[in-house]
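As a plain string of letters, each chain reads:
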Amino acid sequence: MATLGYNDLRKGVVFDIDGAPYEVTEYAFVRMQQRKAVAQVKMKNLITGKVLSRNFHQSESFEEANMERQGIKFLYHNRGEYWFTEKNDPSKRFSLSGDAVGVNGQFLKPNIEVFALSFNGKIITVELPIKVDLLVKDAPPSDRGNTAQGAMKTAELETGAKISVPLFVNTGDIIRVNTATGEYAERVEKN
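The present account deals with the structure reproduced in this document. (Residues numbered from 1 in each chain as written. Predicted model: local features only at pLDDT ≥ 70, side-chain atom pairs only at ≥ 80, totals over all residues. Heavy atoms only, no water.)

## Some details on the overall build of the chain
Okay, so step 1: Along the backbone of the chain there are one helix and 16 strands.
Okay, so step 2: Relative to the compact-globule value of 16 Å for 191 residues, the chain shows a C-alpha radius of gyration of 21 Å, a clear excess of over 25%.
Okay, so step 3: For the C-alpha atoms alone, the extent of the chain along its principal axes is close to 60 × 50 × 25 Å.
Okay, so step 4: Scored against the burial criterion, the 191 residues of the chain give a buried share of 34%.
Okay, so step 5: In the chain, the share of contacts with a sequence separation of at least 24, taken over all contacts with a separation of at least 6, comes to 43%.
Okay, so step 6: Summed over its atoms, the accessible surface of the chain is roughly 11,800 Å², and 44% of this surface lies on carbon and sulfur atoms.
Okay, so step 7: Measuring between centres, the 25 positive side-chain charges of the chain sit 4 Å from its 24 negative side-chain charges. (Helix = DSSP H or I, 4+ residues; strand = E, 2+ residues; numbered from the N terminus. Rg over C-alpha atoms; globule rule 2.2 N^0.38 Å. Buried < 20%, exposed > 50% of the residue type's maximum accessible area, 1.4 Å probe, protein only. Contact = heavy atoms within 4.5 Å. Areas by Shrake-Rupley, 256 points an atom, 1.4 Å probe, with all protein chains shown as cover. Lys, Arg positive; Asp, Glu negative; His and termini not counted. Charge placed at Lys NZ, Arg CZ, Asp CG, Glu CD.)

## Observations regarding the sheet that holds strand E15 (residues 174-178)
Okay, so step 1: Read from one edge to the other, the open sheet built from five strands follows the order E14-E13-E12-E15-E16, with strand pairing classed as antiparallel. Of all the strands in the sheet, the pair left with one neighbour each is strand E14 (162-166) and strand E16 (183-189). Taken pair by pair, the neighbouring strands of this sheet meet at an average axis angle of 55°, ignoring direction.
Okay, so step 2: Where strand E12 (residues 131-138) lies against E15, five bridges are found, and the strand directions are antiparallel. Across the sheet, the residue bridging to Val-132 is Val-177, located in E15. (Pairing = 2+ DSSP bridges. Axes fitted to C-alpha atoms, helices over the stretch in contact; angles between N-to-C directions.)

## Section: unusual backbone geometry
Okay, so step 1: Here Asp-18, not a glycine, exhibits a phi torsion of approximately 55°, which is positive.
Okay, so step 2: Along the chain, the position of Asp-18 falls in the loop between strand E2 (14-17) and strand E3 (20-30).
Okay, so step 3: The phi dihedral of Asn-120 falls on the positive side, at around 55°, and the residue is not glycine.
Okay, so step 4: Within the secondary structure, Asn-120 sits in the loop between strand E10 (113-119) and strand E11 (122-127).
Okay, so step 5: Taking relative accessible area as the criterion, Asn-120 reaches 57% and is therefore assigned exposed.

## Concerning the pairing of E3
Okay, so step 1: With four bridges joining them, E2 and E3 adopt antiparallel strand pairing. Looking at the pairing, Phe-15 lines up with Tyr-22 of E3.
Okay, so step 2: Hairpin connection, E2 to E3: the antiparallel pair is bridged by two residues, and Asp-18 has positive phi, about 55°.
Okay, so step 3: Judged from the eight bridges that link them, E3 and strand E4 (residues 38-45) form a sheet pairing that is antiparallel. Paired with Tyr-27 across the bridge in E4 is Val-41.

## Re the sheet that holds strand E8 (residues 81-86)
Strand pairing in a sheet is mediated by backbone hydrogen bonds. Such pairs are either parallel or antiparallel.
Okay, so step 1: Across the sheet, which stays open at both edges, the five strands sit in the order E9-E8-E7-E10-E11 with antiparallel pairing between neighbours. Of all the strands in the sheet, just strand E9 (93-97) and E11 have a single pairing partner and so form its edges. Strand after strand, the sheet turns through a mean of 45° between neighbouring axes, direction not considered.
Okay, so step 2: Where strand E7 (residues 67-78) lies against E8, six bridges are found, and the strand directions are antiparallel. For Lys-73, the partnering residue across the bridge sits in E8 and is Thr-85.

## What to know about the side chain of Thr-125
Okay, so step 1: Looking at the secondary structure, you find Thr-125 in strand E11.
Okay, so step 2: For Thr-125, a relative accessible area of 14% puts it in the buried group.
Okay, so step 3: Separated by 3.1 Å, the side chain of Thr-125 and the backbone oxygen of Ala-100 make a polar contact.
Okay, so step 4: Non-local contacts of Thr-125, meaning those with residues more than four positions away in its chain, are made with Ala-100, Val-101, Phe-115, Ala-116 and Leu-117. (Polar contact = N/O pair within 3.5 Å; in protein donor to acceptor, adjacent residues only side chain to side chain.)

Here it is as structure tokens:
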């Protein structure tokens, strides 16, 4: 593992503090009057999900977190637990709690391939592809009217997630969703 200085704490970097992995979500280099420069960092604990703000000084150093990334396949969701299997060995099944999966759970459909992130041998969360294709299960009919502002409506997807989509999206269409933002990206197939 590499040792990181305060200049290395850029957005997306995962480092270890007190035995817990933290991911940098925001980074700013600040020089205050008559003082030494500091790195203002917003960081997310990857185990608890808690977000902290902290200033780091030039003299501080950190260890890069020992994270492993492994391909897995989602099977199903039942009573708050998400069941997965190893990509190459379907007999090795395991489950993660809804807290570990987080908001990504709303875009998981059976047999989708995702990545498991492990810290010190224990799976702590899953990482979805940036974009996934999902079937629109229910979309209310569109009302004609003011569409100059890019009018939207709420549609329910095959996974149960509800997102805003343009008025031209109908029930039965397949759309592409950005899993990082939870927003509509494009229509892939028209019903």
